[in-house]
Structure formats: C-alpha cells, structure tokens
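Breakdown of the fold
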Amino acid sequence: MTKQNVIASAYFASDDVIFAVRNDESSKGLRVDRLASAERKRPGHQANMEEDLNTALVGIQRLMKEGEALKAVVLICPGPFMTINKSDLEDYGKIGRNAEVKNWRQKNPKEAFRGLLLQAFGDEEGRKPVIYIYNQAGATAVGEYMRLYGDQIRHADSPGKLLKNIGSHLFVVADASIDAALITDGEPYHGLSTMNVGHHAVLPVGENPATLDNLQCAAHPGRPCLNSLASLNAVKRRWPGTHYEDFKASDDLEKLSLIAFYIAQMLANVTLTTTPAKIIIGGRIVDNPHMTNFIREHLVRLLQDHEWPEIYPGYPDLQTPDDFLQQQEDRDSGVKGGLHVLARVLVKDNNKDNIASFDAYKKGLFPL
Ligand SMILES: [Zn+2]
C-alpha cells in the first residue's frame, strides 16, 4: 500500500513546543498540538535545544496516522541565523552566535533533528524526510497573513492586483526578544533574516542611569535598544522576580505604559519607513490586556503631526488606529505559517539542499 505523504512543522516558543502536520499536497488534514518546552517543565532553567527537538519529534509522531509517511519538516527556530550564504558549508543552517536563546547559539538544529529521525525511524526511513529551518517572526507573519487574506487570495481573479490593494503588513513578535517581519505585495521583505527590530535604537525617557547600566544590550553596550529596554527579558531584569505570569497580570499602568512607549517608538520608525497598511502584534508581551491599547496610543501620539490637527496626513491608515494596529488572534499562526512556507518550498524549489525557504519565498505567496 502506498503511504500518504505528510509534511510537518515545529515552532519552538519559550514555553511550548508547537507542532503541526498536514497532507503534502493540500491544506486539508491540518492537525496542530503543543507540549511544554524544557524551559517550562523546569522553571528557572535555560531552554534546551536537543530536548525541545525531541519533544517536537514525539509530538509530530503522535499527530501522524497509520499509513502516513513524513516527507519534509520545517523547524521554526529562534534566530537570528548565522548566515544566509548557502556556500558557507561550515555555518549554513546554524543558529547565530548572538541569538537571544543562548542554548541554541551556534548549534545546528537540522543536524540534531536528523540524528533524532535516524533513532526513531531507523537508518533508511530516518534519512528520507527533508529538513528545513525557518525563522519565527517570518513564519508567524505568513501564518497571520494567510489567516487574514488566504481565502480572498485563493478566490481572486487577479491575485497580483488584490495583493497590491491589501498593502504592506508588519507582523511583530514581542516576547523574550522582539522581532518583526514585513509582507509587501504578498511576499516577505526578507525571507530568512527578517527585520531585526529588537536592536533598533530607541530613546530612553525618564530612566535613571543605574537602570540603564543594568539593561545594557550585550551586543552593543554603548546604546540602549528595544530588546534591552522593552523585551520580556528586559522586564525580568528591570523588576527582578517579575516573570511572565506576573507581567501578564500586572496592573501597574506606569510600568506597562513605559514598555509600550518603547515598542511604539520602533513601530513609528518602521511606519515612517515602510508605510504598512496594518500592524499585527503578538508574543507574550501583549498577553497583558493593557499593552496593545497602550502601544496604539503611544504610536498615534508619536506620529501625530502637531502642526496640523489631524493625524499625520500621509498615513491614511492611521486615521483608524484600532484597525491599523491589531493583536495577533491565532496563537498557532507561527506553526501554520511554517507549514505553508514548507509546502511552497516543496512545490517551487527542487533544490533539496536548500534548507531555508529563502529562494522559494521570493516566488510569491499563494496557498496550495
Ligand atoms: Zn540590542
């Protein structure tokens, strides 16, 4: 009996490993589930790449049905990656040495996952699945974009025109670090190395020097950045003992507004640069129910033209701030977006050595 090919995706969040499986040739048969990450199982301990990769494989096997074969898998890893230069055989596929998730630094998740596949499926079957890696903000952007517009794009007479009308969309993941990806005319602005907005320079306001000393970014201690002032890691350093659950439940409006202000500074700069039609923000920072509103208020204030009474006339989308800045709705967008990218790679790119979907990504973003 011929086996049904399936493709899989795994997203490594700080608290959960999220995984998904679907048929390789259609979006039918989508299954999604999650298991606790190594970090959540042992609070206070660091992330553990090998353990989380193993959790992903166990989860994927659990979602697969009798008679199904794993054709390809995409691992949606913490970034940035070491290089996007495929001819760099030494470093291609490795996580960057400055990755925020320290235990993934300079490791090669593709090689490690191959080892696990060989253990689980044996020498012959374990070699078959193609393994890709992808970046978290990029996968989330694709997943959310397809959630918002997938049906319209599928049924459009003229998809190119529709994509132009939809306009650019900025997707932000504000979590342990802060990343973003821009989709413009249906295609990501970057494929693999999405926008590293976490290291954007932002202006500290009302901070005392001791706080700024404590919050220095290891990559560039000389200037404050968004990650160093307003990521979930920054929250933990600012207010020792404040963990995610405390931040999520916090009613300290002054503190929350300060964090939101820094995120809004980055959003204002990106808006002035790329003029998105919409911004979608996700990640655990916006799990606090006040945050999205605060960020929206600061953003409008920062972009308001005080010489003219109306909101910056060059940015008509800002006239409706609730529509312009929205919160990510689907927590599984990252793992679903990864599957979508993977399906496209398999159809559009026959280069099996292409572990990232960088090239295929440039060929458009249409659902299968
Ligand atoms: Zn930085």
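As a reminder, the structure under discussion sits directly above these lines.
A brief report on the enclosed structure follows. (Residues numbered from 1 in each chain as written. Predicted model: local features only at pLDDT ≥ 70, side-chain atom pairs only at ≥ 80, totals over all residues.)

**Re the nonpolar core**
In a soluble, globular protein the nonpolar side chains are often hidden away together inside. With 91 residues, the main nonpolar core has Ala-8, Ala-10, Ile-76, Ile-263, Ile-295 and Leu-342 as its most contacted residues. Per-element tally for this core: the top contributor is helix 10 (residues 253-274), with nine residues. Excluding its chain neighbours within four sequence positions, the residues that come into contact with Leu-342 are Ile-7, Ser-9, Ala-72, Val-74 and Tyr-132. (Core = buried A, V, L, I, M, F, W, Y, C linked by C-beta atoms within 7 Å. Buried ≥ 20, exposed ≤ 12 C-beta atoms within 10 Å, placed from the backbone. Helix = DSSP H or I, 4+ residues; strand = E, 2+ residues; numbered from the N terminus. Contact = placed C-beta atoms within 7 Å.)

**Side note on the sheet that holds strand 1 (residues 4-12)**
Taken together, five strands build an open sheet; the order of strands is 3-2-1-4-5 and the sheet is mixed. Each edge of the sheet is formed by a strand with only one pairing partner; in this case those strands are strand 3 (31-36) and strand 5 (130-135). Shown here is a sheet whose adjacent strand axes are inclined to one another by a mean of 20°, direction ignored. Bridge count for strand 2 (residues 16-23) against strand 3 is six bridges, and the pairing is antiparallel. (Pairing = 2+ DSSP bridges. Axes fitted to C-alpha atoms, helices over the stretch in contact; angles between N-to-C directions.)

**Some points on helix 10**
Across its 22 residues, helix 10 extends 30 Å between first and last C-alpha, which sits within 8% of the 32 Å expected from 1.5 Å per residue. Buried within helix 10 are the following residues: Leu-256, Ile-259, Ala-260, Phe-261, Tyr-262, Ile-263, Ala-264, Gln-265, Met-266, Leu-267 and Thr-271. Looking at the buried positions of helix 10, the neighbouring elements they touch are strand 6 (169-174), helix 7 (226-230), helix 8 (232-238), strand 9 (278-282) and helix 11 (291-303). Thr-275 occupies a position one or two residues after helix 10 and carries a positive phi of about 45°. (Expected span 1.5 Å × (residues − 1).)

**Brief notes about the packing of helix 2 (residues 49-63) against helix 3 (residues 109-125)**
Remark: helix 2 packs on helix 3, axes separated minimally by 10 Å, with the N-to-C direction vectors making an angle of 50°. One finds that helix 2 runs oblique with respect to helix 3. Helix 2 and helix 3 meet at a crossing whose hand is right-handed. Seen from helix 2, the contacting residues are Met-49, Glu-50, Leu-53, Asn-54, Leu-57 and Gln-61; seen from helix 3, they are Pro-109, Ala-112, Phe-113, Leu-116 and Ala-120. Residue composition of the contact of helix 2 with helix 3, by class: eight nonpolar, two polar and one charged. (Parallel < 35°, antiparallel > 145°, perpendicular 65-115°, else oblique. Left-handed = near helix turned anticlockwise from the far one by under 90°. Nonpolar A, V, L, I, M, F, W, Y, C, P; charged D, E, K, R; others polar.)

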